[in-house]
Protein chains: 2
Amino acid sequence: MKSDIPVTSLQRLPVYLNYLKSLDAEGYISSGAIARALGMGEVLVRKDLAYTSAQGRTRVGYVLEELISALEDYLGCNDKKKAVIVGAGELGNALLSYGGFSNYGIELVCAFDTDETKIGKTIGGKPVYSVENEKEEIEKLDAHLAVLCVPAKVAQSVADALTECGVNKILNFAPVLLRVKEGVTVRNIDVAANLAILSSM
Amino acid sequence: MKSDIPVTSLQRLPVYLNYLKSLDAEGYISSGAIARALGMGEVLVRKDLAYTSAQGRTRVGYVLEELISALEDYLGCNDKKKAVIVGAGELGNALLSYGGFSNYGIELVCAFDTDETKIGKTIGGKPVYSVENEKEEIEKLDAHLAVLCVPAKVAQSVADALTECGVNKILNFAPVLLRVKEGVTVRNIDVAANLAILSSM
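In this report, the structure presented in the accompanying data block is examined. Values in this document were obtained by computation on a predicted structure and should not be read as measured data. (Residues numbered from 1 in each chain as written. Chains lettered and ligands numbered in written order. Predicted model: local features only at pLDDT ≥ 70, side-chain atom pairs only at ≥ 80, totals over all residues. Heavy atoms only, no water.)

Glancing now at the overall build of chain A. The number of helices and strands found in chain A is 8 helices and 9 strands. Projected onto its principal axes, the C-alpha positions of chain A cover 60 × 35 × 30 Å. In chain A, which comprises 201 residues, the proportion classed as buried is 48%. Within chain A, contacts between residues separated by at least 24 positions form 55% of all contacts whose residues are at least 6 apart in sequence. (Helix = DSSP H or I, 4+ residues; strand = E, 2+ residues; numbered from the N terminus. Buried < 20%, exposed > 50% of the residue type's maximum accessible area, 1.4 Å probe, protein only. Contact = heavy atoms within 4.5 Å.)

This part takes up the interface of chain A and chain B. On the chain B side, the residues contacting the 51 residues of chain A number 51 residues. The three residues of chain A that bury the most area against chain B are A:Leu195, A:Leu198 and A:Met201, which together make up 16% of that side's buried surface. Taken together, chain A and chain B are joined by 0 salt bridges. Linking chain A with chain B are 10 residue pairs in polar contact (both at pLDDT 80 or more). Tallying contributions element by element places helix H8 (residues 191–200) of chain A first for the side of chain A that touches chain B, with 10 residues. (Buried area = accessible area lost by both parts, 1.4 Å probe. Salt bridge = Lys/Arg side-chain N within 4 Å of Asp/Glu carboxyl O. Polar contact = N/O pair within 3.5 Å; in protein donor to acceptor, adjacent residues only side chain to side chain.)

With that out of the way, let us pick up the packing of aromatic side chains. All names here are of chain B. Across all of its chains, the model carries 4 aromatic pairs over all chains by this definition. Summarising the aromatic geometry, the rings of Tyr98 and Phe101 are spaced 5.5 Å apart at their centres and angled 80 degrees between planes, so their arrangement reads as edge-to-face. By relative accessible area, Tyr98 is classed as partly exposed at 31%. On the accessibility criterion, Phe101 (3% relative accessible area) is buried. Relative to Tyr129, the ring of Phe112 lies with its centre 5.9 Å away and its plane at 40 degrees, an arrangement referred to as tilted. Pair noted here: Phe112 is in strand S4 (residues 106–113) and Tyr129 is in strand S6 (residues 126–130), with a separation of 17 residues, a long-range link. For Tyr129, a relative accessible area of 26% puts it in the partly exposed group. (Phe/Tyr/Trp six-rings, centres within 6.5 Å; stacked < 30°, edge-to-face > 60°.)

Attention now moves to the nonpolar core. A:Ile34, A:Leu195, B:Ile34, B:Leu95, B:Phe173 and B:Leu195 are the most contacted members of the largest nonpolar core, which totals 98 residues. Ignoring anything within four residues of it in the chain, the contact list for A:Ile34 reads A:Tyr16, A:Tyr19, A:Leu20, A:Ile29, A:Val45, A:Leu49 and A:Leu67. (Core = buried A, V, L, I, M, F, W, Y, C linked by side-chain atoms within 4.5 Å.)

Remark on secondary structure: sheet strands pair via backbone hydrogen bonds, oriented parallel or antiparallel. Ordered in space as S5-S6-S4-S3-S7-S8-S9 (chain A), the 7 strands form an open sheet in which the pairing is mixed. One side of each edge strand has no neighbouring strand; the edge strands of this open sheet are strand S5 (122–123) and strand S9 (185–188) of chain A. Along the sheet, helix H8 (residues 191–200) of chain B makes contact with strand S3 (81–86), strand S4 (106–113), strand S7 (145–148), strand S8 (169–172) and S9 of chain A, crossing S8(A) at roughly 150 degrees. (Pairing = 2+ DSSP bridges. Axes fitted to C-alpha atoms, helices over the stretch in contact; angles between N-to-C directions.)

Before going further, it helps to spend a moment on helix H7 (residues 152–164) of chain A. All names here are of chain A. With 13 residues, H7 extends 19 Å from end C-alpha to end C-alpha; this agrees with the ideal 18 Å at 1.5 Å per step. Every buried residue of H7 is accounted for by Ala155, Val158, Ala159, Leu162 and Thr163. Buried-residue contacts for H7 involve S3, helix H6 (134–141), S7 and S8. At the C-terminal side of H7, Gly166 shows a positive phi close to 100 degrees. (Expected span 1.5 Å × (residues − 1).)

With that out of the way, let us pick up H8(A). Within H8(A), 10 of the 10 residues are buried, which leaves it mostly tucked inside the rest of the structure. Taking the backbone nitrogen of A:Ala192 as reference, a side-chain oxygen 3.3 Å away marks A:Asp190 as the first, capping residue of H8(A).

So, about the packing of helix H1 (residues 7–23) of chain A against helix H2 (residues 31–38) of chain A. Between two packed helices, both the angle of their axes relative to each other and the distance between the axes serve to describe the pair. Residue and element names in this part refer to chain A. Close contact between H1 and H2 brings their axes to 11 Å; oriented N to C, the two are set at 100 degrees. With respect to their mutual orientation, H1 and H2 come out roughly perpendicular. Facing Val15, Tyr16, Tyr19 and Leu20 of H1, the residues of H2 in contact are Ala33, Ile34, Ala37 and Leu38. (Parallel < 35°, antiparallel > 145°, perpendicular 65-115°, else oblique.)

Next comes the structure, spelled out in C-alpha cells:
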C-alpha cells in the first residue's frame, strides 16, 4: 500500500475529493473548513491529507485546485486501470451502466457470465463473455481489478479462477469471506450488512 | 447508537456473523480462532464481541450458537424493519431482487420512482410507486429506513423529501455528501470510490 496509509484514512480520501469537487470554487480551503463541512475532527483531516502530496499553508490552508489534484493523484484517478465484472446479473448490469468509475481512472471493460442468454450481448456498451474465456480475455486485457457480482455460493470458486488469471484486487459484493492467496487484496461491500449497520446506529 | 459502540466495531459485527454462520458447526469457538480466520487481532475481536451480550469463557471461548444469537440480536436481525428504495433504476432493481436483506430482519417493501413507465409495476415482487405518493406510502408503512439509488444531482432533494416523510436512516449510493437535519443518519456506499480505494491498496 502506498506510504503505509491506514485503510481508514485511505477510505476517507474519496470523501474529501467528492466534497472539494462539489464546491466548484477556487482559492484556499482550510482543514478546519473541510472538517466542519464533513463533521470530522480537524486533526484527523490534516493527518489524512498529509498522506497526499498536498501542502497546507499556515493560516490559509490548501490551494483548492492543488488539493484536488493531490487527492486525484493519490487515488490514481489519472492512471488508466481496467476492471472486469464477473456476474452479469442485475447488480452487474447496474455497475456496467454506471459512469462514475471513470472519475477514478477505472474502465469497466467487460463482464463474464455463465448464462448463455447473456453471453455475446453488450450491457452499457460492454461485451459479456463466457466465463470459459475468462483467462484468455483477462490476460489479453491485462486487467488486474475485478468486481464480483455473483451469488455467495459460487463466490469463492469465481475468486479462485480470477486470481489464476492474474487478477490481484477483487471487489466482492457476495456476503462471504473470500480466502485468497498472498498478494491478492479483497474489499467487501455487503449491502444488506450496511443497511443493518445503519439500522443499528 | 446502542451502548456507544464505535462505528468501526459495529461494521465488523456482520463480518463475524457471516463467518460464524458459514462454519455450519456446533460447540465452542475462541476469539483467537475467529481472529486467525479473519486475519484480525484477537484483542480487537474480543473487544468487538464484548459489545454484544455474548459471554466468552476462559480457555474455551464462546458457545458458537450463543455467539451467533448475540450478534443477530445486536444487529436487530430479529426485529422486523421496513425499508423503501428510492430510484427503481438498475441498482434499485438489483436490490429489490436481492434476498439477503431478510437475514438482518429487513424487508424492502416498495420502491419510488418518477418514471411513468416503471410506476405501477412490480420489481422482485415489490410495487413501484410514484414519488408523488412517497409521503402517504411511507407514513402508511411506518418505514424509517430508505435506500437512495438516484443520480447524484437529485440525491439531496430526494433525501430532504424522505426526511420530511419520517425517514431517519438513509443508505446513500450517490457519490455526494448529503446534508440532513439532526436525528437523521446517513451511511454512504460509493462503489466507484471503493474500487478506487481497492486499486490504491
